[in-house]
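Fold and geometry: a report
One letter stands for each residue in the lines below.
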Amino acid sequence: MMYYSTNGKAAPATLRHAVVKGLAEDRGLYVPERIQRLSPDFFANFRDMDFAEIACHVADAFFGVDIPQEALHRIVRESLSFDCPIVPVDADKYALELFHGPTLAFKDVGARFMARMLRHFSDGELNVLVATSGDTGSAVANGFLGVEGIRVFVLYPEGKVSPIQECQFTTLGQNITAIAVDGVFDDCQALVKQAFMDASLNEERALTSANSINVARFLPQSFYYFWACAQLKRRGVQEAPVICVPSGNFGNICAALYAKRMGLDVKRFIAANNANSVFYEYLRDGQYRPRPSVQTIANAMDVGDPSNFARVLHLYGSHAAICADISGATYNDTQIAQTIRDVKARTGYLCDPHGACGYRALAEGLQAGETGIFCETAHPAKFMDTVEAILGEEVTVPEKLLAFTRGQRQSVRMPNDYAAFRTFLLEHTKSQIQ
Ligand SMILES: *Cc1c(COP(=O)(O)O)cnc(C)c1O
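Residues numbered from 1 in each chain as written. Predicted model: local features only at pLDDT ≥ 70, side-chain atom pairs only at ≥ 80, totals over all residues. Heavy atoms only, no water.

Another aspect to go through is the pairing of strand β12 (residues 372-376). With 5 of 5 residues buried, β12 is to be regarded as a mostly interior element. Two strands pair when backbone bridges link them, and strand β4 (residues 93-97) and β12 are joined in this way by 5 bridges, in the parallel orientation. Its bridge partner being in β12, A95 is matched across the sheet by F374. Where strand β9 (residues 242-246) and β12 come together, 3 bridges link them in parallel fashion. If you follow I243 over to β12, its bridge partner there is I373. (Buried < 20%, exposed > 50% of the residue type's maximum accessible area, 1.4 Å probe, protein only. Helix = DSSP H or I, 4+ residues; strand = E, 2+ residues; numbered from the N terminus. Pairing = 2+ DSSP bridges.)

As structure tokens, this is what we get:
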């Protein structure tokens, strides 16, 4: 299957090209040439399948013509090493818990899937560069950990990442190198960008990014929604649910929109934003006004120019069509905190700041007789300081997270200087010219 750029100027690409390059040459995002509907037979039976079985069917529809089935199903099964249960919070609202993976955030499946797909498509040594302010670095580092032939360099601003996040990518060793840059997140991003634009470096070394715009990271997230609907049916809910996704770069919700296009019966969608409300405003007046992000307590959604907006627009084609299927919501930090407190007091369920946006948007948007699912995208303990300050009580930290804090932190300190970064890369990677 070919992949087309949302900007329409780059040449159509093979799956291999789209995965290895990430962004199209015209700086657009790759989208598959067609979105295949799953068979009526699948929909008649999927409530009785397990998560991996469902995911294999979905993966076949996207990647089946490009990757031999045995290899593809192995990639799928290795990526889903954990469950994503739905948990009733109210009679009509379920949390879809996407945080039971290695780093306790929903990006784990995409990162693990992408690592294995890159491995499938490349034969030599590949070097992944990623700049992070926290969550992406941990998901990518853990997703790529131990994957043969791929080295990962995680650049982060020294002293500006929370200790619990820092230990999730600095304690791993093996093929993961953490680089503490003397600067801010934007400096890390600039160093990575400069490396990708350095033509002579790219001739000598195979470099790629693990950016969330990569089709291998975003498409597998559609597995979650088929599995959520299967679980709902098992619980005896027959009608199509409303699905609410806390959104930043809009990759996760975009995968949910694709799932509907593949035939999944979803009534409609809600995109929940924090104070970064560019999409919410777009729904209101049809104007897309990207701007610098503002900091919030749901910081993985602090995005002022959501990259997957291009894919949403491409999928629906018009503002009116988008509005017919997706509504929006935006909440400031005070409202997020209030929601975490209220839901905990009333139901006992503990939301993290991102999930709280999702819960509230669903609670305010659900109509009588509808059933809703909101994504819980991270475990509340990942935002321990914030959540404890809001509730005034301690949050239990899962063993998985504690294990990271006991590891030996190791990172290379680096000045904010491209020449130094380049030299380091050349010394610590292998030449692609044999
Ligand atoms: C990345 C992230 C989001 C936002 O997901 P997008 O796909 O960027 O919209 C929400 N919550 C958490 C915890 C995240 O890490």
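Looking now at the packing of helix α5 (residues 107-121) against helix α6 (residues 135-144). As a packed pair, α5 and α6 sit with axes 8 Å apart at the nearest point and diverge in direction by 45°. By the angle class used here, α5 and α6 are oblique. The interaxial crossing formed by α5 with α6 has right-handed handedness. Only T136, A139, V140, G143 and F144 of α6 make contact with α5, whose side of the interface consists of K107, D108, A111, R112, M114, A115, R116 and L118. Among the residues forming the contact of α5 with α6, the class breakdown is 7 nonpolar, 2 polar and 4 charged. (Axes fitted to C-alpha atoms, helices over the stretch in contact; angles between N-to-C directions. Parallel < 35°, antiparallel > 145°, perpendicular 65-115°, else oblique. Left-handed = near helix turned anticlockwise from the far one by under 90°. Contact = heavy atoms within 4.5 Å. Nonpolar A, V, L, I, M, F, W, Y, C, P; charged D, E, K, R; others polar.)

This part is about the pattern of salt bridges. All told, the structure shown has 19 salt bridges when counted by the stated rule. With a shortest N-O distance of 3.1 Å, R413 and E158 are connected by a salt bridge. Taken together, the residues R413 in strand β13 (residues 412-414) and E158 in the loop between β6 (150-157) and α7 (163-170) connect sequence positions 255 residues apart. Across the pair E364 and R360 runs a salt bridge whose closest N-O atoms are separated by 3.0 Å. Of this pair, E364 and R360 both sit in helix α17 (residues 353-365), 4 residues apart, which is roughly one turn of the helix. (Salt bridge = Lys/Arg side-chain N within 4 Å of Asp/Glu carboxyl O.)

The subject of this paragraph is the pairing of strand β10 (residues 268-273). Two faces make up the sheet, and in a regular strand the side chains alternate between them. For β10, the buried fraction is high: 6 of the 6 residues fall into the buried class. Side-chain alternation along β10 places R268, I270 and A272 on one buried face and F269, A271 and N273 on a second face that is also buried. Traced from β9 through helix α12 (residues 251-261) to β10, the parallel crossover comes out right-handed. Pairing of β10 with strand β11 (residues 326-330), which is carried by 5 bridges, proceeds in the parallel orientation. (Right-handed = clockwise from strand over helix to strand, strands pointing away.)

To continue, consider helix α20 (residues 418-428). Those residues of α20 not exposed but buried are Y418, F421, F424 and L425. Around the axis of α20, the buried residues are gathered within 125° of arc, so they sit on the same side. Residues of α20 that are buried in the fold lie against β5 (126-131), β6, β7 (176-181), α8 (185-197), α9 (199-204) and β13. (Arc of directions from axis to C-beta.)

With 9 of 11 residues buried, α12 is to be regarded as a mostly interior element. For α12, the full list of buried residues reads G251, N252, I253, C254, A255, A256, L257, Y258 and A259. In the stretch just after α12, G263 is the one whose phi turns positive, near 110°.

Okay, the site of the ligand next. If you check the shell around the ligand, you find 15 residues, and the closest are K107, G248, N249, F250 and T377. Here an oxygen atom of the ligand sits 2.9 Å away from a polar atom, N or O, in the side chain of D135. At 2.8 Å, a backbone N or O of G248 approaches an oxygen atom of the ligand. Expressed as a share of its isolated accessible area of 390 Å², the protein-covered part of the ligand is 96%. (Near = heavy atom within 4 Å. Polar contact = N/O pair within 3.5 Å; in protein donor to acceptor, adjacent residues only side chain to side chain. Areas by Shrake-Rupley, 256 points an atom, 1.4 Å probe, with all protein chains shown as cover.)

Our focus in this paragraph is the sheet that holds β5. Read across the sheet, 5 strands follow the order β8-β5-β6-β7-β13 without closing on themselves; strand pairing throughout is parallel. Of all the strands in the sheet, just β8 (207-209) and β13 have a single pairing partner and so form its edges. Going from strand to strand, the sheet's axes swing by 30° on average, the running direction of each strand aside. As paired strands, β7 and β13 are joined by 3 bridges and run parallel to one another. Residue V181 lies in a different strand from β13, and its bridge partner there is M414. Seen against the sheet, α6 touches β5, β6 and β7 and runs at an angle of roughly 165° to β6. Each of β5, β6, β7 and β13 is contacted by α20, which is oriented at about 155° to β6, the strand it contacts most.

Another aspect to go through is the environment of F62. You can see F62 is positioned in helix α3 (residues 51-63). A relative accessible area of 1% means that F62 is categorised as buried. Along the chain, F62 and C254 lie 192 residues apart, while their C-alpha atoms are 15 Å from each other. Those residues within four positions of F62 in sequence are excluded, and the remaining contacts are M1, Y3, L219, S222, Y258 and M262.

This part covers the side chain of N274. As for its position among the elements, N274 is in the loop between β10 and α13 (278-285). By relative accessible area, which is 0% here, N274 ends up buried. Apart from residues no more than four positions distant in its own chain, N274 is found in contact with T296, A298, M301, D302, T330, Y331, I336 and C357.

The phi angle at R27 is positive, at roughly 65°, despite the residue not being glycine. Even without being glycine, Q174 reaches a positive phi, approximately 45°. Within the fold, Q174 resides in the loop between α7 and β7.

Next up on the list: the sheet that holds β12. Neighbouring strands of a sheet are bound in pairs by backbone hydrogen bonds; such pairs are parallel or else antiparallel. Taken in spatial order, the 6 strands line up as β3-β4-β12-β9-β10-β11 in an open sheet, and their pairing is mixed. Of all the strands in the sheet, the pair left with one neighbour each is β3 (86-90) and β11. For this sheet, the mean angle separating the axes of adjacent strands, direction not counted, is 25°. Strands β10 and β11 of the sheet are contacted by α13, whose axis makes an angle of about 130° with β11.

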